[in-house]
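Survey of secondary and tertiary structure
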Amino acid sequence: MYKRLLAGLLAATLRVDTLVARVYPDDFNPLYYTGGLANLFLTVLVLSGIFLFLYYTPSFDQAYTSVQFLTLDVPYGQIIRGIHRYSADGFMIVVLLHLFRNWFTERFRFSRDEPWISGMMLLTLTGFIGVTGYMLVWDQRSEALVAMTANAAAQVPLVGGWLRHALFGGTGLTDLLLPRLLFLHIGPAVGLYVFLWWHYTRIRHPKVWPPAVWTLFALGFVVLLTGLIPVTSQAPAVVSQRPQTLAIDWLFLTPYWAMRFLPPLVLIALAVVLIGYGLYIPYQLPETRSELGLKDSGVAQVIDANCTGCELCYYDCPYNAIVMVPSPNPGVTKAAQARKLRAVILESRCVECGICVGACPFEALELPRLLQKDIHEKVLSACQS
Amino acid sequence: MPELADRPPSAAGRRGPKIVGFLCDWAVASQGLVRDDGTMRDLPNVTLIKIPCSGFTRPAWLEFALRNGADGVFVCGCPLGDCFNRYGNNLIGDRVEQLRRRLERQKVNPERIGALFYGKHAGAAFVDAVRAFSDRVAGMPGPAFPPRKPAPAAAGPASAAPRTGPAAQDGQAGAPAGREGT
Amino acid sequence: MTDRASAYVLWIVVLAAVSLVCTAGIVWGELTGHHRLGGALIGVILLAYSFILLCLRKGGFTSV
Ligand code: SF4
Ligand code: SF4
């Protein structure tokens, strides 16, 4: 069932690709650069966030006015604020595209679970950062969000009270609230970069930036949007009065909308299940190559006698599965006599793609069950048929 | 085979030019495209060899095929940018370019070596592209390599072990330079 | 130059003209304090540049 669904989604994804390819050449296809686009938006968020930070005062009586001052009186302040807001939406959109694309194209298979797991953590952090961002403005929506979150946190069994204290510095609205929220907005944003490092550790030459066409498009779209639909605050929060309405940002605040219909505890359980399932996705289909109907060629092997330590395989392995280590002895072939290094495969990372075989000019790498000899035989029999 | 009549006889003459293609497991789905012996259903002169990733191909193998009687060789991977293994098709694209330049210096028509990029469900477009490639190769005179050595083509599978192309090495010296070419 | 290429040249010229007009708009907005308009026009210019790059590529004036 799941497999059939996945196959259908893959076909749909590829069809979307061919549609995009009618307008954009392959190397400009934005769907191939969702990760790079996320990085672009993240950079914009950090830069505009620094600007906002310089003006923001985290206290009950000044938070709202400082944001209003920034928006209305600082030249282009509203534009920068809008860029921050809309880039956050853009970030979420491309991150979700990234998630679904890599899911549907099965890029979680074999030893690629680590980017997937770190990606799920990045997604969770992103949602959290988005919500605390909406709280910082300290308008009526912020107050409602704080109240709803505190209420939901307190209902978690066993750790509820502690959780609420950790998030908001105590019951009710304490003076600690806004400074703490400011940290909870910026601290996890720094954490994003820690997880990004993990996200990249097993990837050689990650595509960290989209092509110029899409850098310009994304920036232009965000800036144009800030001009057309300016970002404003709602009425200031009044502590004595329960807020009435909650304007929903569907990308970040959907859970708060759902709280109208479901008790918070159910939502928290749902979130835990969703995140848990997300972490499980790469292990749901633990198929080997032969189960997939592909030839099981085996993990790449270095033929030590031939390796010259030229590092070409090390540069080209897409999964960082090859390390160069100092070589204690020269190789056997003439070219390998003067080597200082030799290649070693980290077998747990190897996905048996064979790209290193194509990279090695000294015939020092082979896939054990698809040797150069086998290829030669196939070529010869093809030529003689 | 419309090109049958006007084509000069060559090593594998009678059904059109002999073409060897390396096809990535993740690119065009081969079900329905190939027969049991690996030749393509619509183009019996084309034999496909399945490989785990287009980047697995050693350029020396393409040269090996040309030296042993193939009239044309190509590699097929996923659309550039959508490689399942991230950069395999970009790498082989660059390596094919380098091989073409090198073989051109040896008086081999570089058009005999192709790199195609088609996704899993693009079977029809792939067949069209292979047909176009085959027709182009059919228009080229004579075998791929000028016959200076007597019959390397006679080498059977048994004697075909590692030492093949004299130039198996310099063809790739620049390979890593192309790794960011996306 | 092929028909296709000249069509793209036409588009590039149009987009360049649009971005020129936008520049004038930004200056005007800056002088009269219409910052929001200026901001929106910056966005339009960036979008225009994006499509200029695309046309350059599709018209065959830049390579990969
Ligand atoms: S086959 Fe080679 S290139 Fe591919 S993952 Fe394994 S070591 Fe890396
Ligand atoms: S490319 Fe080949 S020769 Fe060079 S380091 Fe890797 S295994 Fe050794």
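Going by the structure above, here's the rest.
Here is a short report on the structure shown in this document. (Residues numbered from 1 in each chain as written. Chains lettered and ligands numbered in written order. Predicted model: local features only at pLDDT ≥ 70, side-chain atom pairs only at ≥ 80, totals over all residues. Heavy atoms only, no water.)

Points about the site of ligand 2
Looking at ligand 2, there are 13 residues lining it, with A:C307, A:T308, A:C310, A:C313 and A:C360 nearest. Classifying every residue of the shell around ligand 2 gives 10 nonpolar, two polar and one charged. (Near = heavy atom within 4 Å. Nonpolar A, V, L, I, M, F, W, Y, C, P; charged D, E, K, R; others polar.)

Let's talk about the interface of chain C and chain A
Contact residues are listed per partner, giving 19 residues for chain C and 22 residues for chain A. In this assembly, chain C packs against chain A so that about 1,800 Å² is buried in total across both faces, 71% of it on carbon and sulfur atoms. Remark: the boundary between chain C and chain A carries one salt bridge. Among the salt bridges present, the one from A:D27 reaches C:R57, with a minimum N-O distance of 3.0 Å. Scanning the region where chain C abuts chain A turns up six residue pairs in polar contact (both at pLDDT 80 or more). (Contact = heavy atoms within 4.5 Å. Buried area = accessible area lost by both parts, 1.4 Å probe. Salt bridge = Lys/Arg side-chain N within 4 Å of Asp/Glu carboxyl O. Polar contact = N/O pair within 3.5 Å; in protein donor to acceptor, adjacent residues only side chain to side chain.)

Things to note about the side chain of B:R86
Looking at the element boundaries, B:R86 is found in the loop between β3 (72-77) and α2 (88-105). Of the residues examined, B:R86 reaches a relative accessible area of 11% and is grouped as buried. Separated by 3.1 Å, the side chain of B:R86 and the backbone oxygen of A:P318 make a polar contact. The residues contacting B:R86, other than those within four sequence positions of it, are A:R112, A:I203, A:R204, A:H205, A:P206, A:K207, A:P318 and A:Y319. (Helix = DSSP H or I, 4+ residues; strand = E, 2+ residues; numbered from the N terminus. Buried < 20%, exposed > 50% of the residue type's maximum accessible area, 1.4 Å probe, protein only.)

Digging into the site of ligand 1
Taken together, 14 residues lie near ligand 1, and A:C317, A:C350, A:C353, A:G354 and A:C356 sit nearest. For the shell around ligand 1, a count of residues per class yields 12 nonpolar, one polar and one charged.

Brief notes about the packing of helix α9 (residues 212-228) of chain A against helix α2 (residues 35-58) of chain C
Where α9(A) contacts α2(C), the axes come no closer than 7 Å and their chain directions differ by 155°. What the angle tells us is that α9(A) and α2(C) run roughly antiparallel. Once α9(A) is placed against α2(C), the crossing between them reads as left-handed. Residue composition of the contact of α9(A) with α2(C), by class: 18 nonpolar, five polar and one charged. (Axes fitted to C-alpha atoms, helices over the stretch in contact; angles between N-to-C directions. Parallel < 35°, antiparallel > 145°, perpendicular 65-115°, else oblique. Left-handed = near helix turned anticlockwise from the far one by under 90°.)

So, the environment of A:V302
All names here are of chain A. When you line up the elements, V302 lands in strand β1 (residues 301-302). Each C-alpha atom of the pair V302 and H165 lies 56 Å from the other, and the pair is 137 residues apart in sequence. Other than its neighbours up to four places away in sequence, V302 contacts C307, A343, I345, A364 and L365.

Quick look at a nonpolar patch on the surface
Residues and elements named next belong to chain A. Judged by side-chain polarity, V46, L47, I50, F53, L54, Y55, F69, I186, V190 and Y193 come together as a nonpolar surface patch covering roughly 930 Å² of accessible area. When residues of the nonpolar patch are traced back to their parent elements, those giving at least two are α2 (34-55) and α8 (177-201). With six residues, the single largest contributor to the nonpolar patch is α2. In this fold, V190 is placed in helix α8. Classification of V190 by relative accessible area gives exposed; the value is 52%. (Patch = residues over 30% accessible without salt bridge, like charges linked within 9 Å, V, L, I, M, F, W, Y side chains within 5 Å. Areas by Shrake-Rupley, 256 points an atom, 1.4 Å probe, with all protein chains shown as cover.)

So, the interface of chain B and chain A
At the interface, 52 residues of chain B touch 57 residues of chain A. When the two sides are added together, the surface that chain B and chain A hide from each other amounts to roughly 4,600 Å², 59% of it contributed by carbon and sulfur. Between the two partners, chain B and chain A, sit three salt bridges. Across the salt bridge formed by B:R95 and A:D316, the nearest N and O atoms sit 2.5 Å from each other. The tally of links between chain B and chain A comes to 17 residue pairs in polar contact (both at pLDDT 80 or more).

Honestly, it's all geometry; don't read function into it.
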